[in-house]
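# What the coordinates show
One-letter residues, chain by chain:
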Amino acid sequence: MSLPRRQRGFSLVAAVFVIAVALLIVLAAVLTLGARNRSTVQALEASRALFAAQSGLDIAVARALSGGCGAVPASLAIEGFSVELGCTRTAVDEAPDNYGIYTLTARAQRGRFSDHSFVSRRVRAMVTE
């Protein structure tokens, strides 16, 4: 009568399988947290760009109302954002009243497309003098 052969190495295969599954779970968690972090940073930067554009628009409105479109600077820097301002004046003649309507734009941007850090926001307002 022959004795049954002992099987060896099954526990090693099971251990490798368990470790591989655990590594996949950890990798999925790390990738998910990284994506959430990038998403949060991008949302924050988008909000900051919007606020910079609105600040630039406030400057443009104040200067246009006090000195016309010539007083509005072409660009300026606000909190690390490059803000480009635009101004056009439309003359309006309504019977005895003559006035101007200013169309003002401000675009704030920062970063580069190549490293996925680019953010840009544009706002527009119309005011009368």
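Counting starts from 1 at the beginning of each chain's written sequence and moves along it residue by residue. Selection of residues for local features in this predicted model requires a pLDDT of at least 70, selection of side-chain atom pairs for listing and counting requires 80 or more, and totals for whole chains, interfaces and linings are taken over all residues. Note that the side-chain values use all heavy atoms of the structure and ignore hydrogens as well as water.

### A few points about the pattern of salt bridges
Basic side-chain nitrogens of Lys or Arg form a salt bridge, by our definition, when they fall within 4 Å of a carboxyl oxygen of Asp or Glu. Across all of its chains, the model carries 5 salt bridges by this definition. Of the charged contacts in the structure, one is a salt bridge between E45 and R48, with a shortest N-O distance of 3.4 Å. Separated by 3 residues within a single helix, E45 and R48 lie in helix 1 (residues 10-67), roughly one turn from each other. The salt bridge involving D115 is made with R112; its shortest N-O contact spans 3.0 Å. Exposure classes here rest on a 1.4 Å probe applied to the protein chains alone. A residue is buried below 20% of its type maximum, exposed above 50%, and partly exposed in between. Residue D115 is classed as partly exposed on the basis of its relative accessible area of 37%. Among the residues examined, R112 registers a relative accessible area of 52% and is labelled exposed. Helix and strand assignments come from DSSP, with helices taken as H or I runs of at least 4 residues and strands as E runs of at least 2, each series counted from the N terminus.

### As for the confidence of the model for the protein chain
Mean pLDDT over the protein chain works out to 88, with 93% of the residues at or above the 70 mark. As a per-residue measure, pLDDT reflects the predictor's confidence and takes values from 0 up to 100. Put simply, helix 1 is where the protein chain has its lowest mean pLDDT, 88, and strand 4 (residues 119-128) is where it has its highest, 95.

### As for the state of the cysteines
A pair of cysteine sulfur atoms is labelled a disulfide when the two atoms are within 2.5 Å. In total, this model carries 1 disulfide according to the counting rule given. Disulfide pairing places C69 opposite C87 at an S-S distance of 2.0 Å. An S-S torsion of about -65° defines the bridge between C69 and C87 as left-handed. With a gap of 18 residues between them, C69 in the loop between helix 1 and strand 1 (75-78) and C87 in strand 2 (residues 81-94) connect regions that are remote in the sequence. What makes C87 partly exposed here is its relative accessible area of 21%.

### Quick word on helix 1
If you check helix 1, its first and last C-alpha atoms are 85 Å apart, about what 58 residues at 1.5 Å a residue would give, namely 86 Å. For helix 1, the full list of buried residues reads E45, A46, A49, A52, A53, G56, L57, A60, V61 and A64. Contacts between residues were defined by any pair of non-hydrogen atoms, one from each residue, lying within 4.5 Å. Against strand 1, strand 2, strand 3 (97-110) and strand 4 lie the buried residues of helix 1. One or two steps after helix 1, the chain reaches G68, where phi turns positive at roughly 80°. Here, expected helix span is obtained from the residue count minus one, scaled by 1.5 Å.

### Examining the sheet that holds strand 4
Think of it this way: DSSP has to see at least two bridges between two strands before they count as a pair. The strand order across the open sheet built from 4 strands is 1-2-3-4, with neighbouring strands paired in antiparallel fashion. What marks the edges here is a single partner per strand, and that holds for strand 1 and strand 4. The mean angle between the axes of side-by-side strands here comes to 25°, regardless of whether they run parallel or antiparallel. As defined by bridge partners, strand 1 adjoins strand 2 across 4 bridges and the pair is classed as antiparallel. Paired with I78 across the two strands is F81, which belongs to strand 2. Along the sheet, helix 1 makes contact with strand 1, strand 2, strand 3 and strand 4, crossing strand 4 at roughly 30°. Lines fitted to C-alpha atoms define the axes, with helix axes restricted to the stretch in contact, and inter-axis angles between N-to-C directions lie between 0 and 180 degrees.

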